[in-house]
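Descriptive analysis of the structure
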Amino acid sequence: MGRRWHKEIERELHAAKAVVVLWSATSRDSDFVLEEAEYGKRKDILFPAFIERVECPYGFGRIQTADLIGWDHRTEHAGLAQLLESLRVHLNGSTTGSPIIAEPAKSAPTAQTIFTLGDTFRDKFRGCSRLA
């Protein structure tokens with residue numbers, strides 16, 4: 001409490017091992033989202049996904065983007081499986097079926113967060129992405 005949110009975002013981005021951006025009409029017009037996505041792109045840790053039918057923002061069109069449009073929260077969705085596998089390989093360095101283990105922020109109440117197929121992720125805005 002009492003911290004400046006832009007400093008918190010900057011601190012978390014510097015500690016991040018992956019940045020997932022959900023492209024939507026709202027997110028692609030957000031300077032904040034674009035700046036965070038650009039950081040992820042520069043560091044080669046960006047994993048974009050479409051959640052609405054929109055064009056990729058300028059400068060992001062050559063990055064493979066997962067297609068989560070129409071995702072109904074089932075684990076069988078091809079776009080979700082592809083996104084999670086890409087994250088698994090990036091974070092764990094292998095293509096085995098082991099779960100993705102990500103270190104949380106220091107202020108988080110748990111020691112680790114595990115992402116596996118079937119987990120549900122929610123954000124305050126709607127977005128989009130497509131893995132080609």
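In what follows, the structure referred to is the one given above.
Treat the numbers as computed from the prediction; the structure is a model and nothing was measured.

Attention now goes to the packing of helix α1 (residues 5–15) against helix α3 (residues 31–42). Look at α1 against α3: their axes get within 11 Å of each other, and the N-to-C directions meet at 25°. Here α3 runs roughly parallel to α1, going by the angle between their axes. Our pair here, α1 against α3, has a crossing hand that is right-handed. On α3, the residues that touch W5, I9, L13 and H14 of α1 are F32, E36 and Y39.

We now examine the packing of aromatic side chains. Per the stated rule, a full pass over the model turns up two aromatic pairs. Ring plane angle 75° and centroid distance 5.0 Å describe the contact between W5 and F32, whose orientation is recorded as edge-to-face. Placement of W5 in helix α1 and of F32 in helix α3 is noted, with a sequence separation of 27 residues between them. The class for W5 is partly exposed, based on a relative accessible area of 48%. Positioned above the aromatic ring of F60 is the side chain of K41, whose terminal nitrogen or guanidinium carbon lies 5.3 Å from the ring centre.

Applying the stated rule across the entire model yields four salt bridges. The salt bridge involving E8 is made with R11; its shortest N-O contact spans 2.7 Å. A residue pair is termed a helical-turn pair when its members lie 3 or 4 positions apart in one helix, as E8 and R11 do in helix α1 at three residues. When the shortest N-O distance is used, the salt bridge between D72 and R74 registers 2.8 Å. Members of the salt-bridge network, linked through shared partners, are D72, R74 and E76.

Cut-offs and rules
- Residues numbered from 1 in each chain as written.
- Predicted model: local features only at pLDDT ≥ 70, side-chain atom pairs only at ≥ 80, totals over all residues.
- Heavy atoms only, no water.
- Axes fitted to C-alpha atoms, helices over the stretch in contact; angles between N-to-C directions.
- Helix = DSSP H or I, 4+ residues; strand = E, 2+ residues; numbered from the N terminus.
- Parallel < 35°, antiparallel > 145°, perpendicular 65-115°, else oblique.
- Left-handed = near helix turned anticlockwise from the far one by under 90°.
- Contact = heavy atoms within 4.5 Å.
- Phe/Tyr/Trp six-rings, centres within 6.5 Å; stacked < 30°, edge-to-face > 60°.
- Buried < 20%, exposed > 50% of the residue type's maximum accessible area, 1.4 Å probe, protein only.
- Lys NZ or Arg CZ within 6 Å of the ring centre and 35° of its normal.
- Salt bridge = Lys/Arg side-chain N within 4 Å of Asp/Glu carboxyl O.

Purely spatial values, then, with no claim about function.
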